[in-house]
Structure formats: C-alpha cells, structure tokens
Amino acid sequence: MTQGEFWATITWWVHFFNGRVTSGPRGAAANKRIGHAAHSPHLVGLGADVAYETTPPPVAERAQWARRLGLTLVVEGDHDHLQPASWQPG
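The sections below set out a description of the structure shown in this document. (Residues numbered from 1 in each chain as written. Predicted model: local features only at pLDDT ≥ 70, side-chain atom pairs only at ≥ 80, totals over all residues. Heavy atoms only, no water.)

Side note on the overall build of the protein
- The number of helices and strands found in the protein is three helices and four strands.
- Relative to a compact globule of 90 residues, whose C-alpha radius of gyration would be 12 Å, the protein shows 12 Å and is just as compact.
- When the backbone C-alpha atoms are referred to their principal axes, the protein occupies close to 35 × 25 × 20 Å.
- Here the protein holds 90 residues, and the buried ones make up 39% of them.
- For the protein, the share of sequence-separated contacts (at least 6 apart) that also reach a separation of at least 24 residues comes to 63%.
- Roughly 5,100 Å² of accessible area belongs to the protein as shown, and the carbon and sulfur atoms make up 56% of that amount. (Helix = DSSP H or I, 4+ residues; strand = E, 2+ residues; numbered from the N terminus. Rg over C-alpha atoms; globule rule 2.2 N^0.38 Å. Buried < 20%, exposed > 50% of the residue type's maximum accessible area, 1.4 Å probe, protein only. Contact = heavy atoms within 4.5 Å. Areas by Shrake-Rupley, 256 points an atom, 1.4 Å probe, with all protein chains shown as cover.)

This is how it looks when you write it as structure tokens:
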C-alpha cells in the first residue's frame, strides 16, 4: 500500500466512523519523545492514530473493516492505531 492509498483509506475511515486523526507522520525525535517504537510506521508516513467523536462500533467490527481495507488495527487505550497490513519495519 502506498502512502497515497493509505491516506485515502484513512480519510474514508475517519468519515465513516466519525473520527479524527490525532497523529500521523512524525520524525524520529518526536517519535522517541512520546515513547513509540524505533521502527514505527509513523516514521514513514504509514501510521495514523484515530480518536472518535462518538462511540465507535465494537472492536471486532472495526477490526473486520480494517482487514477488508488492508489495514491492521491496534487499539491503544483512548484511540486506534492503523497501519497497512503489509507494513514491515525496515
């Protein structure tokens, strides 16, 4: 999945689930400061954190949508992290 495809999919996701992107691409220093993995997909523009304006559907339903769209869903407390299912740390 290219960056363009990823962000088009994320745009669909936030509209469909009434959410907003709270974190997207970021540099190594910002990534380290917030304590995220050294090989985060955010570092290459393929990670998005999404918070919701209303109660989202259950995790199982969001996970099913993520798989259909070629994404991996990781629930991180008050938000969801999304990245391409095919993404591997480099």
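Notes on the nonpolar core
- Judged by nonpolar contacts, the single largest core of 15 residues is most densely connected at F6, I10, W13, V50, L71 and L82.
- Sorting the residues of this core by element identifies α1 (3-16), β2 (48-52), α3 (59-68) and β3 (71-76) as the ones contributing at least two each.
- Tallying contributions element by element places α1 first for this core, with four residues.
- Each residue touching W13, except ones within four places of it in the same chain, is listed here: V50, Y52, R62, W65, A66, L69, L71 and L82. (Core = buried A, V, L, I, M, F, W, Y, C linked by side-chain atoms within 4.5 Å.)

Details of the packing of aromatic side chains
- This model, assessed by the stated rule, comprises seven aromatic pairs.
- Ring geometry for W12 versus F17: centroids 6.4 Å apart, planes at 85°, classification edge-to-face.
- Classification of W12 by relative accessible area gives partly exposed; the value is 33%.
- The buried category is assigned to F17, whose relative accessible area is 4%.
- Members of the aromatic cluster, each reached through a chain of ring pairs, are W12, W13, F16, F17 and W65.
- The lysine or arginine in question, R68, covers the ring of W65, its NZ or CZ lying 4.8 Å from the ring centre. (Phe/Tyr/Trp six-rings, centres within 6.5 Å; stacked < 30°, edge-to-face > 60°. Lys NZ or Arg CZ within 6 Å of the ring centre and 35° of its normal.)

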